[in-house]
Every structure is written in C-alpha cells, then in structure tokens.
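Summary of structural features
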Amino acid sequence: MKITVTRKVFLIIATLIAFMSGAFFTLAHNDLEGMFRTYASEARHRTAVQWADVISYFYQTENHSWVNVTDSLTKMMSQNRAQHDLPQQLIVLDGQNHIIVQAGVQTGMRDRSMYTTVPIMEGDRQIGTLLIYGEGLDPLYEIEETVIHTMTLATMWGIIIASALALLSGALMARRMTRPLKFILKAIKQITRGELDTQIPVTSTDEFGQVARAFNEMTRQLAATEEARKHLVADVAHELRIPLTIMQGQLELIQQGVRGPKPEDLLPIHDEVIRLSRLVQDLHQLSQAEVGKLQLRKQPTDIVHFLQRLLENFEVEAMDKKIKLELQTIDEQLPMLKVDPDRLTQVFVNLLGNALRYTPDEGTVRVEVTRSGDFVEVALSDTGPGIDPNHVPFIFNRFYRGDEDRSRGTGGTGLGLAIAKEFVEAHQGKIEVTSELGMGTTFVVSLPIN
C-alpha cells in the first residue's frame with residue numbers, strides 16, 4: 001500500500017495521541033494511588049497515636065506500671081471485637097527494645113518494617129514505643145480499592161473517547177493540511193502536459209500559500225517564456241524568409257540563364273548574406289546577454305570624452321540632414337566609469353543612429369550627461385515624430401517595430417533596442433524611454449558609478 005503524506009501525518013498524530021494517552025493514564029493512576037497511600041499512611045499514624053494515648057492512660061492508671069496494661073488492652077479489644085477498626089497486634093517495647101506489653105493476635109514478632117511505630121508519651125517523657133500491626137483500616141482499604149477501580153475505568157473511558165475524537169480531528173486535519181499538496185501535484189501534472197497557464201488557488205497566507213503563490217508566479221513566467229519562444233521562432237522565421245526568398249530568386253535567375261553571374265547580379269545576394277550575418281550576430285549577442293554569459297571587458301572610461309568621439313562619427317550624417325548635434329554636461333566633475341567601451345559603443349551607436357534616422361531635417365539631437373546619486377545618466381533626445389504611447393511598453397522587445405517607418409526597409413534587424421537594453425543591464429544599469437507624438441523621444445541610460 002502506498003503511504004501518502006496524508007497517511008504519514010495521520011500516523012504521526014495517532015502516535016502522538018497514543019503516547020500522550022499512555023502518559024496521562026500512567027500519571028493519573030500513579031498520582032491517585034500516591035494520594036491514597038499518603039492518606040492511608042497518615043491514617044495509620046493517627047490510629048497508632050490514639051492507641052499510644054490509650055496505653056499511656058492505662059499505664060498511668062496502673063500507678064505507672066506495665067503489669068496490668070496487657071490485661072486492660074486485651075479486655076478492651078475483646079469487648080469491641082465486633083468492630084472492624086481494631087488492630088491485629090499491639091506491642092510495647094521498653095528502652096532496651098524488650099517486649100513489655102503484647103495484645104491482639106499472638107503470632108510472635110513480625111518484621112519490624114511491617115509495623116507502624118510511634119512513641120508512648122507521659123507528658124514530655126517517653127515511656128515506651130508502640131508497634132502496631134493491622135491498624136484496623138480495612139474499610140479505608142476497601143474504599144481505596146473501589147475508588148481506584150472506578151477512577152481507573154473512568155480515566156480509561158475518558159482517554160478512549162478523547163483519543164477517538166482526537167484521531168477523527170487528526171484525520172480531518174491531515175487531509176486539510178495536505179490538500180494544497182494535491183492541488184500542486186495536479187498542477188505539476190498539467191504542466192507536464194504542456195498546460196503552462198495552470199494556476200493554483202491561494203487560500204491561505206502560511207507556507208502552503210507562499211508555495212502556491214511562488215508556483216503561480218513560476219507558471220506565469222514559464223508561460224511568458226514559452227510565448228516569447230514562440231514569438232522568437234516566428235520572428236526569426238519571418239526575418240529569414242525574405243532574404244532567403246531574394247537569394248533563391250536571384251540564384252534561380254542565374255541558373256536559368258536569365259542573368260549571368262556578373263558582379264552587379266551577385267550584389268543583391270551579397271547584401272542579403274550580410275543582412276543574415278548581422279541578424280545571426282545580433283541574436284547571438286542578445287542570447288548571451290539574456291542568460292548572463294555576456295563577457296564584459298571593463299576599464300575606466302571618461303564618459304564625456306567617450307560620447308564626444310561617438311558624436312564625431314555621426315557629424316557627416318547630421319550635416320547631410322542639417323541636424324544639430326549637441327553634447328551638454330550638467331556636472332563639471334564626473335567620475336570615471338568602469339565599463340566595457342565596445343558594448344556601450346553598440347548601445348549609443350544604435351540610439352544615435354535611430355535618433356538621426358527619425359529626426360527630420362534641421363532638427364536637433366541632444367545628449368545630456370549628469371550625475372544622479374550613484375549613477376551617471378546619459379539622456380539622448382531627438383525632435384522626431386515620437387512613438388505612439390501604445391508602442392512604448394514594447395519598444396525593447398525583440399523584432400518589435402511600432403510602425404511602418406521602423407521596418408526592415410531601413411536596414412535594421414529589429415534587435416537593436418533589445419540588445420541595448422541587455423547590454424546596459426549587464427553593466428547593472430538601466431535604460432528608459434519617454435516619448436510624445438510630435439514632440440520627440442528621449443532615451444535615458446543610467447550607469448552605476450561603483
């Protein structure tokens with residue numbers, strides 16, 4: 001038989017109940033017996049003291065002599081023989097432990113530990129020692145036996161009933177405690193069948209509730225990852241389809257003799273090969289950055305000087321479109337940043353290239369560098385048409401293009417901003433974008449100082 005977690009929890013509860021019931025019964029029974037033993041010992045002592053007072057009285061009435069005390073005790077015990085509270089044997093010892101008085105059943109001296117011993121006093125003077133056996137407490141012992149028997153039965157029945165109720169409660173508790181595990185197991189089986197949108201109901205705030213919430217978050221991430229994977233496959237297939245179709249068409253024309261293998265006829269094929277190579281390289285870098293395996297060769301870098309050199313590379317393109325390139329430094333003293341210049345070059349070349357591409361003639365592209373706490377912020381603004389607010393949340397997604405102007409016709413692969421975001425985050429920085437239609441777009445790259 002398969003032992004489930006519910007059964008294990010129930011067995012643990014049942015074992016605990018059995019142990020506690022046994023401990024309670026043992027303690028209660030021993031405590032009750034100890035109470036009666038204490039009471040009986042005190043009763044024996046009181047009875048012995050009373051007989052000692054009687055013997056002391058007889059001793060005094062006989063003119064301080066033990067001669068007739070035995071007869072007086074025997075006569076007294078014979079007159080009250082019908083009573084059940086008479087001791088079986090009374091022995092009086094003198095100072096040398098010699099028997100001087102003996103009454104009751106004459107069976108000789110028993111083991112002294114079987115007697116209740118009390119001194120016989122005359123005022124403040126001890127005149128002897130009384131040994132009393134069978135103190136006449138038979139009714140007390142009968143009561144003790146009856147009470148202990150009754151209490152034992154009552155305790156046993158109480159333990160049986162309480163244990164049954166506790167076991168029933170334990171079974172219900174075990175099922176209730178392990179119910180979330182059944183939900184989780186069922187959800188895991190659904191995930192193995194490919195149902196990645198499986199969610200577990202969260203009904204508590206304890207550890208099970210925390211596990212359920214963590215499981216739900218995991219399935220959401222799995223679903224999002226799977227959805228991203230599907231989109232990636234579809235996007236890559238879409239990006240590859242057109243250049244492959246162009247290359248196939250050009251090659252078929254050459255094979256059919258429509259065109260000869262002239263350099264100008266091979267140029268479109270070469271362009272598409274370059275485009276595919278760039279796409280593969282971009283995908284490789286993006287995948288490395290996403291899994292945290294992107295290698296960074298960091299070195300101290302003057303960010304202002306670094307940006308100045310980049311802007312110089314775009315001056316010719318800016319002059320052709322009569323676009324004004326500006327670099328402003330808000331803080332005069334900026335610390336050196338330990339970054340990978342090559343990776344950051346890819347980031348800012350992509351941002352500057354986009355800004356110049358979508359900024360109309362006689363527009364402005366402004367780069368501002370400032371310090372904000374433990375970060376150096378580089379804000380790159382343009383006066384282009386801006387980005388629709390509906391597209392802004394997805395602007396850093398792979399292959400995402402918000403409008404027709406941002407199509408492959410411009411020469412991009414649709415991965416530039418996604419790569420820029422991953423490269424910046426690899427430096428423990430962040431990149432954000434704000435845009436307003438008709439007013440332009442601003443990208444802010446924050447790089448940590450330490």
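The model shown is predicted, which means the values in this text are computed figures rather than measured ones.

1. Comments concerning the sheet that holds strand β10 (residues 430–436)
- Taking strand neighbours across the sheet as the criterion, the five strands line up as β6-β8-β9-β11-β10 in an open arrangement whose pairing is mixed. Each edge of the open sheet is held by one strand with a lone partner, namely β6 (324–329) and β10. Within this sheet the neighbouring strands show an average axis-to-axis angle of 15°, counted without direction.
- Pairing of β6 with strand β8 (residues 364–372) involves six bridges; the strand directions are parallel. Paired with Leu327 across the two strands is Val367, which belongs to β8.
- Helix α8 (residues 341–358) rests against β6, β8, β9 (375–382), β10 and β11 (440–448) of the sheet, and its axis sits at about 25° to β9.
- Each of β10 and β11 touches helix α9 (residues 416–426); the most contacted strand, β11, lies at about 25° to it.

2. Quick look at the sheet that holds strand β2 (residues 99–104)
- Strands sit in the order β2-β1-β4-β3 across an open sheet of four strands; the sheet is antiparallel. At either margin of the open sheet sits one strand with a lone partner, and together these are β2 and β3 (116–122). For this sheet the average axis-to-axis angle between neighbouring strands, irrespective of direction, equals 20°.
- The sheet contacts of helix α2 (residues 69–79) involve β1 (89–93) and β2, and relative to β2 the element is tilted by about 15°.

3. Thoughts on helix α6 (residues 303–313)
- Within the sequence span of α6, burial applies to Ile303, Val304, Phe306, Leu307, Leu310 and Leu311. All buried residues of α6 project into a common sector of 160° when viewed along the axis, lining one side.
- Of the residues flanking the start of α6, the one acting as N-cap is Asp302, its side-chain oxygen 3.1 Å from the backbone nitrogen of Val304.

4. A short note on the UniProt feature "transmembrane region" (unreviewed entry) in the protein chain
- According to UniProt, the positions carrying the feature "transmembrane region" (unreviewed entry) are residues 9–28 and 154–174.
- The annotated region residues 9–28 carries 100% helix and 0% strand content, and the separation between its end C-alpha atoms amounts to 28 Å.
- Along residues 154–174 one finds 100% helix and 0% strand; the C-alpha atoms at either end are 29 Å apart.

5. Things to note about the pairing of β8
- Where β8 lies against β9, eight bridges are found, and the strand directions are antiparallel. Looking across to β9, one finds that Val365 is bridged to Asp382.
- Between the antiparallel neighbours β8 and β9 lie two residues, among them Gly373 with a positive phi of about 65°.

6. Regarding unusual backbone geometry
- Even without being a glycine, Lys322 presents a positive backbone phi close to 55°.
- As for its position among the elements, Lys322 is in the loop between α7 (315–320) and β6.
- The phi dihedral of Gln428 is positive, around 60°, even though this residue is not glycine.
- Following the sequence through the fold, Gln428 ends up in the loop between α9 and β10.

7. Things to note about the pattern of salt bridges
- In the structure shown here, the tally under the stated rule is six salt bridges.
- For the salt bridge of Arg220 with Glu217, the shortest nitrogen-to-oxygen distance reads 3.0 Å. Placement of the pair is Arg220 and Glu217 together in helix α4 (residues 207–255), with a separation of three residues, close to one helical turn.
- The salt bridge partner of Lys421 is Glu425, with a shortest N-O separation of 2.9 Å. Linking Lys421 with Glu425, this pair stays in helix α9, spanning four residues, or about one helical turn.
- Under the relative-accessibility criterion, Glu425 is labelled partly exposed at 37%.
- Overlapping salt bridges bring together Lys324, Glu326 and Arg366 as one network.

Conventions and cut-offs
Residues numbered from 1 in each chain as written. Predicted model: local features only at pLDDT ≥ 70, side-chain atom pairs only at ≥ 80, totals over all residues. Heavy atoms only, no water. Pairing = 2+ DSSP bridges. Helix = DSSP H or I, 4+ residues; strand = E, 2+ residues; numbered from the N terminus. Axes fitted to C-alpha atoms, helices over the stretch in contact; angles between N-to-C directions. Contact = heavy atoms within 4.5 Å. Buried < 20%, exposed > 50% of the residue type's maximum accessible area, 1.4 Å probe, protein only. Arc of directions from axis to C-beta. Polar contact = N/O pair within 3.5 Å; in protein donor to acceptor, adjacent residues only side chain to side chain. UniProt positions renumbered as here; feature names shortened; annotations may be inferred. Salt bridge = Lys/Arg side-chain N within 4 Å of Asp/Glu carboxyl O.

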